[in-house]
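# Commentary on secondary and tertiary structure
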Amino acid sequence: MAIGVLTAGGDCPGLNAAIRAVVTRATAEGLEVVGIEEGWNGLLEGRTRPLGRDDVRGLLRKGGTILGTSRIDPYIHGEGLPSISGTLDSARIDSLVVIGGDGSLRTAARLGEDGLDVVGIPKTIDNDIAGTDVSIGFHTAVQIVVDAIDRLTTTAESHNRVMVVEVMGRTAGWIAAAAGLAGGAEAILVPEVAVDYQDLASRIVARHDRGHHYSLVVVAEGVPGPSGEVHSAGVDAYGFARLGGVGSAVSARLEELTGFESRVTTLGYLQRGGSPTSYDRILGTRFGVKAAELAFGGRGGMMVALKGDEVVPVDLGEACREVRRLDPSRLEDAAWFFA
Ligand code: F6P
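Residues numbered from 1 in each chain as written. Predicted model: local features only at pLDDT ≥ 70, side-chain atom pairs only at ≥ 80, totals over all residues. Heavy atoms only, no water.

## A short note on the sheet that holds strand β4 (residues 93-100)
Filter applied, for reference: We treat two strands as partners when DSSP finds at least two bridges between them. The secondary structure listing takes helices from DSSP runs of H or I that are at least 4 residues long and strands from runs of E that are at least 2 residues long, numbered from the N terminus. Orientation is described by axes fitted as lines to C-alpha atoms, over the contacting stretch for helices, and by angles from 0 to 180 degrees between their N-to-C directions.
Across the sheet, which stays open at both edges, the seven strands sit in the order β3-β2-β1-β4-β5-β12-β13 with mixed pairing between neighbours. In the strand order of this sheet, the two ends are held by β3 (48-50) and β13 (310-315), each with one partner. In this sheet, adjacent strand axes meet at a mean angle of 30 degrees when their direction is disregarded. Direction of pairing for strand β2 (residues 32-36) relative to β3: antiparallel, over a ladder of three bridges. In the sheet register, Val34 faces β3, and the bridge partner there is Pro50.

Shown next as structure tokens:
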């Protein structure tokens, strides 16, 4: 039996830890592992390579993915299972481990319905996959944002400025909420809660009147800007909005309403780069080990998930049916510290 493994969708730190764990656990069982290059594209184009224990040594600390990734989809760019079955057969892959975000996991679930033995591992810095409490990559992204907030706070303080930090997350505010709380932001703007810019400006002015001559505002990329529109730079090759740009609009509006100088920093792809935190190394490793066990144990159609502190199997189709939005009550603790 051979187990295939691929990474699909946007990359994030911790993917290599999961690949390493799948390979290590499966080969310990005497099984072969086949790495598929560039996500689903490798299956469509027949690009695979054997992965042994030696191929994954030293990977824990390495960001990105050694397999490469893409947003190519076999149902959009091919005819679904028939267009990848040639590669699956020639590589003798009986079970496929898909390390992906909600889109890639939905594709995996559909292939599962069409007859493929598939196991999912949730990854995305956005942390918006419904079936798991935490996805690979989220923790590292949050730490990167917190490090940036710490640095931006000292320069904001020196210049009496309102510093706006735009973070990723698509339609969910998980990164903004966690990083804003950990970084001690004065305000956290998320897509799940309507923003009253006038009220925000009044709170910032009141804070400055109390002697705090700077404010730090975290805004998630999916928040509608002051004009009411979600900011994007068009759509990507697959028709998905490329979100980004709301930070500048928020900064300009707050400068206008408060009279204080404001600056914006968009953290962008920095949030997906570099070495994973210890949390993501551990999560990637635990998910990879469990996914391999499900794959060779004949438990296709499942996704590994973190529930509390336990790694458990959940139904793959159910796990990615909906996007997991931030529960606004998550902001309650942070609100005590707002301007
Ligand atoms: O889903 C992860 C993510 O980084 C989002 O936060 C962001 O909106 C998007 O991917 C960017 O995607 P791309 O790599 O296609 O530009």
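## Details of the site of the ligand
Filter applied, for reference: Any residue with a heavy atom positioned within 4 Å of a molecule or strand is treated as near that molecule or strand. Polar contact criterion, stated in full: a pair of N or O atoms within 3.5 Å, where within protein one must be able to donate a hydrogen and the other to accept it, and residues adjacent in sequence count only if both atoms are side-chain atoms. Throughout, the Shrake-Rupley method with a 1.4 Å probe supplies accessible areas, and for residues the shown protein chains are the sole cover considered.
The environment of the ligand is made up of Arg71, Ile125, Asp126, Met168, Gly169, Arg170, Glu221, Tyr269 and Arg272. Side-chain polar atom of Glu221 to an oxygen atom of the ligand: 2.6 Å apart, as the coordinates give it. Within the side chain of Tyr269, one N or O atom sits 2.4 Å away from an oxygen atom of the ligand. Bound to the protein, the ligand loses 82% of the 400 Å² it would expose on its own.

## A few points about the pairing of β4
In summary, the side chains of a regular strand alternate between the two faces of the sheet. Under the convention used in this document: Partly exposed describes any residue whose relative accessible area lies between the buried limit of under 20% and the exposed limit of over 50%, with all areas from a 1.4 Å probe on protein chains only and scaled to the type maximum. A clockwise path from the first strand over the helix to the second, with the strands pointing away from the viewer, defines a right-handed crossover.
Of all eight residues in β4, seven are buried; the element is thus mostly enclosed. Two strands pair when backbone bridges link them, and strand β1 (residues 2-7) and β4 are joined in this way by six bridges, in the parallel orientation. From the neighbouring strand, Ala2 faces β4, where its bridge partner is Ile93. Relative to strand β5 (residues 118-122), β4 runs parallel, the two being bridged by five bridges. Counterpart to Val97 in the pairing with β5 is Val119. A crossover connection joins β4 to the parallel β5 through helix α4 (residues 102-113); in handedness this β-α-β unit is right-handed.

## Focus: the side chain of Thr87
Mapping Thr87 onto the fold places it in helix α3 (residues 81-90). A distance of 2.6 Å separates a polar side-chain atom of Thr87 from the backbone oxygen of Leu43.

## What to know about the packing of aromatic side chains
The condition that has to hold: Working definition: rings of Phe, Tyr and Trp (its six-membered ring) pair if their centres are within 6.5 Å, and the pair is stacked with planes under 30 degrees apart, edge-to-face with planes over 60 apart, and tilted otherwise. Geometrically, a charge over a ring is one whose NZ (Lys) or CZ (Arg) sits within 6 Å of the ring centre while staying within 35 degrees of the ring normal.
For the structure on display, the rule yields zero aromatic pairs. Cation over ring: Arg110 sits above Tyr75, and NZ or CZ is 3.8 Å from the ring centre. Between Arg207 and the ring centre of Tyr214, over which it is positioned, the NZ or CZ distance is 5.0 Å.

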